[in-house]
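Next come the chains, spelled out residue by residue.
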Amino acid sequence: MTSQETKASNGSTIIIDTGCANLSSVRYAFERIGADVEVSDDIAKIKAATRVVLPGVGTAKAAMQALKDKALIDTICGLTQPVLGVCLGMQMLTKASQERGGLSYGNSNENTSQDCECLGLIDTNIEQLDSKGLPLPHMGWNQISPSQHPLFAGVAEGSYVYFVHSYRAPLGDFTIAKSEYGEGFSAAIAKDNFMGVQFHPEKSAGVGSTILKNFMRMTSESFDKENAL
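Since the structure is predicted, the reported quantities are computational estimates derived from the model, not experimental observations.

**Q** Account for the overall build of the chain, with residues named and values stated.
**A** Summing up its helical and strand segments, the chain has 8 helices and 13 strands in all. Considering the chain as a whole, with its 229 residues, one finds that 49% of them fall into the buried category. For the chain, the accessible area works out to roughly 10100 Å², and carbon and sulfur atoms hold 47% of it.

**Q** With reference to specific residues and values, describe the nonpolar core.
**A** Grouped together as the largest cluster of nonpolar side chains are 37 residues, with contacts concentrated most on Phe30, Leu151 and Phe152. Among the secondary structure elements, those contributing two or more residues to this core are α2 (23-32), β4 (83-86), β9 (159-165), β11 (175-181), β12 (183-191), β13 (194-197) and α7 (205-216). The element contributing the most residues to this core is α7, with 5 residues. Excluding residues within four positions of it along the chain, Phe152 makes contact with Ile144, Pro146, Ser147, Ile176, Ala177, Ala188, Val197, Phe199, Ile211 and Asn214. One finds Met90, Met92, Leu119 and Phe194 within the second-largest nonpolar core, a separate group that totals 28 residues.

**Q** Any chance you could break down the sheet that holds strand β7 (residues 122-128) for me, citing the residues and the numbers?
**A** In sheet architecture, strand pairing relies on hydrogen bonds along the backbone and comes in two forms, parallel and antiparallel. Sheet architecture is open: 4 strands sit in the order β6-β5-β7-β10, paired in mixed fashion. Looking at the sheet topology across the chains shown, the edges are occupied by β6 (116-117) and β10 (167-168).

**Q** I'd like to hear about the side chain of Glu202, residue by residue, with values.
**A** Tracing the chain through its elements places Glu202 in the loop between β13 and α7. Within the structure, the side chain of Glu202 is placed 2.7 Å from the side chain of His200, a separation counted as a polar contact. Setting aside chain neighbours within four positions, we find Glu202 in contact with Asn22, Ser25, Val26, Ala29, Arg32 and Val86.

**Q** Describe in detail the packing of aromatic side chains, supporting the description with residues and values.
**A** Each aromatic ring pair is characterised by the separation of its centres together with the angle its planes make. The final tally for this structure, using the stated rule, is 5 aromatic pairs. Taken together, the aromatic side chains of Phe152, Phe163, Phe185 and Phe199 make up a single cluster linked through ring pairs.

**Q** Kindly report on the pattern of salt bridges, identifying the contributing residues and their values.
**A** Pairs may arise between side chains of opposite charge once their charged atoms sit close together. Under the definition given, this model contains 7 salt bridges. The salt bridge partner of Asp130 is Lys132, with a shortest N-O separation of 3.0 Å. Through salt bridges with shared partners, a single network forms among Glu127, Arg168 and Glu183.

**Q** Can you lay out the state of the cysteines for me, pointing to particular residues and giving the numbers?
**A** Put plainly, a disulfide is one covalent bond tying together the sulfur atoms of two cysteines. Under the criterion given, the structure shown has 0 disulfides. Cysteine Cys20 remains unbridged, with the sulfur of Cys87 as its closest cysteine sulfur at 9.3 Å. Overall, the relative accessible area of 13% leaves Cys20 in the buried class.

**Q** Can you lay out the sheet that holds β12 for me, pointing to particular residues and giving the numbers?
**A** If you trace the 9 strands from one edge of the open sheet to the other, you get β2-β1-β3-β4-β13-β12-β11-β8-β9, paired in mixed fashion. Looking along the sheet, the strands with just one partner apiece sit at the ends: β2 (37-40) and β9. Put simply, the sheet's adjacent strands are angled 30° from each other on average, direction ignored. Where strand β8 (residues 138-146) lies against β9, 7 bridges are found, and the strand directions are antiparallel. Each residue of the ladder has a partner; that of Asn142, found in β9, is Val161.

**Q** Give a detailed account of the pairing of β4, specifying residues and quantitative values.
**A** The alternating pattern of β4 places Val83 and Gly85 on one face and Leu84 and Val86 on the opposite face, and all of these are buried. Bridge analysis of strand β3 (residues 51-54) against β4 gives 3 bridges, and the strand direction is parallel. Within the sheet, the bridge partner assigned to Val52 lies in β4 and is Val83. Pairing between β4 and β13: 4 bridges, direction parallel. Residue Val86 lies in a different strand from β13, and its bridge partner there is Val197.

**Q** Explain the environment of Ile211 to me, using residue names and the numbers behind them.
**A** Along the polypeptide, Ile211 turns up in helix α7. Along the primary structure Ile211 and Leu151 are separated by 60 residues, whereas in three dimensions their C-alpha atoms are 5.8 Å apart. If we skip the residues at most four places from it in the chain, Ile211 touches Leu151, Phe152, Val155 and Phe199.

Conventions we followed
Residues numbered from 1 in each chain as written. Predicted model: local features only at pLDDT ≥ 70, side-chain atom pairs only at ≥ 80, totals over all residues. Heavy atoms only, no water. Helix = DSSP H or I, 4+ residues; strand = E, 2+ residues; numbered from the N terminus. Buried < 20%, exposed > 50% of the residue type's maximum accessible area, 1.4 Å probe, protein only. Areas by Shrake-Rupley, 256 points an atom, 1.4 Å probe, with all protein chains shown as cover. Core = buried A, V, L, I, M, F, W, Y, C linked by side-chain atoms within 4.5 Å. Contact = heavy atoms within 4.5 Å. Pairing = 2+ DSSP bridges. Polar contact = N/O pair within 3.5 Å; in protein donor to acceptor, adjacent residues only side chain to side chain. Phe/Tyr/Trp six-rings, centres within 6.5 Å; stacked < 30°, edge-to-face > 60°. Salt bridge = Lys/Arg side-chain N within 4 Å of Asp/Glu carboxyl O. Disulfide = S-S within 2.5 Å. Axes fitted to C-alpha atoms, helices over the stretch in contact; angles between N-to-C directions.

Function cannot be read off these values alone, since they describe shape.
And the structure:
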C-alpha cells in the first residue's frame with residue numbers, strides 16, 4: 001500500500017484525544033505510512049470516522065477518568081467501526097484493571113482498593129504481569145506469536161515488537177497474539193470490531209508499520225463479512 005493509495009482509500013481515521021503522552025508518536029506512526037489521521041475528542045467526528053484509535057499510557061484510573069471527563073465512554077462503547085487500542089488503550093477495552101487506585105463510575109465513595117473499572121468491551125481482566133523475578137516494567141523488544149487475525153497479516157512468527165508495561169491481559173479466548181516475559185500473556189486481544197495491542201506499534205519499526213497498515217485496510221464492512229461467514 002503506497003502513501004497515495006492509503007490516503008485515497010482509507011476514509012477518516014480519528015485518534016481519540018485522551019490527553020495521554022503518546023498521542024504525537026502514534027499520530028506520526030500513521031503519517032509515516034501515508035495515513036491521513038486526526039487527533040480529536042469531538043464526539044461527532046469519532047462516531048463518523050471510518051476507524052478509531054484509542055491510545056494510552058500511564059495508569060488505568062487516570063485514563064478512564066479522562067474518558068469520563070470528556071463524556072466519551074458511551075461513545076466508544078457504541079462504535080461499530082474498527083477500533084484499535086494501543087498499550088493502555090488495549091487494557092481499557094477490557095472489563096477491569098488490577099492496577100490499584102480503582103474507579104467506580106457514579107460512586108462518590110469508591111474504595112481505592114477496588115480494581116479499576118474499564119470499558120468492558122472484551123471479556124477479560126488486566127492483572128499484574130508475573131515476571132518470575134525478571135525486572136518490571138517489561139521494557140524493550142520481545143517476540144510475538146501472532147494468530148491468523150487480519151491485524152497480523154504478513155507478520156511472521158517470532159517477530160519483534162516493543163513493549164513497556166507491568167500489567168497484562170492473560171492468555172484466553174480473545175488472544176490474537178501472545179508473548180512471554182516470565183509468563184505467557186496476551187500481546188494483542190480482539191472481539192468483533194474492537195482490537196488492542198499491548199506493545200507500541202509506533203515504536204516497533206517495520207512490524208509495527210505492517211500492523212498499522214493492516215488496520216488502515218479495515219472498515220465496518222470487514223467485520224460484516226467475517227460475521228456472515
